[in-house]
Amino acid sequence: GNSVTQMEGPVTLSEEAFLTINCTYTATGYPSLFWYVQYPGEGLQLLLKATKADDKGSNKGFEATYRKETTSFHLEKGSVQVSDSAVYFCALSASGGGADGLTFGKGTHLIIQP
Amino acid sequence: GAGVSQSPSNKVTEKGKDVELRCDPISGHTALYWYRQSLGQGLEFLIYFQGNSAPDKSGLPSDRFSAERTGGSVSTLTIQRTQQEDSAVYLCASSLAGDSSDTQYFGPGTRLTVL
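A. Just the state of the cysteines, in detail. Summed over the entire model, instances satisfying the criterion amount to 2 disulfides over all chains. Here Cys23(A) connects covalently by a disulfide to Cys90(A), the sulfurs 1.9 Å from one another. Every disulfide takes its handedness from the sign of the S-S torsion; for Cys23(A) and Cys90(A) that torsion is -70°, giving left-handed. Residue Cys23(A) is located in strand β4 (residues 23-26), and its partner Cys90(A) is located in strand β10 (residues 86-93); the two are separated by 67 residues in the primary sequence. Residue Cys23(B) pairs covalently with Cys92(B) via a disulfide, S to S 1.8 Å.

B. Representation of the sheet that holds strand β3 (residues 19-24) of chain B in the model. Residue and element names in this part refer to chain B. Taken together, the 4 strands give an open sheet; going across it, the order is β1-β3-β7-β6, and neighbouring strands pair in antiparallel fashion. Two strands bound the open sheet, and with one partner strand each, they are β1 (5-7) and β6 (65-69). Mean inter-strand twist for the sheet, computed between neighbouring axes without regard to direction, equals 15°.

C. The arrangement of the interface of chain A and chain B in detail. Taken together, the contact between chain A and chain B spans 21 residues of the former and 17 residues of the latter. Taking both partners together, chain A and chain B bury about 1,500 Å²; carbon and sulfur atoms supply 55% of that area. Linking chain A with chain B are 0 salt bridges. Where chain A meets chain B, there are 6 residue pairs in polar contact (both at pLDDT 80 or more). Counting residues per element, the ones that place at least two in the side of chain A that touches chain B are β5 (32-38), β6 (44-50), β10 and β11 (102-104) of chain A. Ranked by the residues each element gives to the side of chain A that touches chain B, the list is headed by β5(A), at 4 residues. Taken together, the residues of the side of chain A that touches chain B break down into 9 nonpolar, 9 polar and 3 charged.

What counts, and at which threshold
Every chain's residues receive numbers from 1 upward, in the order its sequence appears when written. Written order decides the labels, with chains lettered from A and ligands numbered from 1. Local features in this predicted model are restricted to residues whose pLDDT is 70 or higher, and side-chain atom pairs enter the listing and the counts only when it is 80 or higher, whereas totals over whole chains, interfaces and linings include all residues. To get the side-chain values, take all heavy atoms of the structure and skip hydrogens and water. Disulfide: a pair of cysteine sulfur atoms within 2.5 Å of each other. Numbering of helices and strands starts at the N terminus; helices are DSSP runs of H or I of at least 4 residues and strands are runs of E of at least 2. Any two strands with at least two DSSP-identified bridges between them are counted as paired. The convention used is that axes are lines fitted to C-alpha atoms, helices contributing only their stretch in contact, and that angles between N-to-C directions extend from 0 to 180 degrees. Here, two residues are considered to be in contact whenever any of their heavy atoms come within 4.5 Å of each other. Once two parts are brought into contact, the accessible area they lose, counted with a 1.4 Å probe and summed over both, makes up the buried area. The working definition used for a salt bridge is a side-chain nitrogen of Lys or Arg within 4 Å of a carboxyl oxygen of Asp or Glu. For the purposes of these results, a polar contact is taken to be a pair of N or O atoms within 3.5 Å, where, inside protein, one atom must be able to donate a hydrogen and its partner to accept one; residues adjacent in sequence count only when each atom of the pair is a side-chain atom. Residue polarity follows a fixed list, in which Ala, Val, Leu, Ile, Met, Phe, Trp, Tyr, Cys and Pro are nonpolar, Asp, Glu, Lys and Arg are charged, and the others, Gly among them, are polar.

The values are spatial; any link to function lies outside them.
The structure is reproduced here in structure tokens:
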């Protein structure tokens, strides 16, 4: 079946540090890949997505590139802020329609210290 | 515009009671999803509705769980004879057409506590 593996953390960084959160996946076919973020006390919201190989998703200074050869979708940001503190979820949607829903990783708790 | 809404936001019930959770998707979205978020299991997909079509129920954790969607819009998730392991946050999401590349928009969730 489909699966997503990501580092669980917590990951603690200082403000303005470089961020990488690793995400790898297992799926048949050509899934779409997503990063969702859950800020404290808020619901899940889409951060970025990529729907085919070599696509780069970007939003709010975050980037992730769909790498089919390494089955990865690592999240990066050049300079993190305290306001980026949240839980980040990597997810995939299998090709052929959304009927199987999203398969999520366990989530990475990111803490940014001033 | 209005996002996905869910009610109630919190529900505390006693073991063995039935509960109903409601989801109102974004207007015009044909696809609707239910998920469960718990500390032990993370985020689990439960069930998917496309318009008025009958859903695939194979993702529901037990036969105590059922879901319906009336008129291709509002959905209810019903848990009968609740157990303590049903305690979790139940999330609803909707997307425009249900394609695998579509963004799913999530509601705020219903936090269910079974005593």
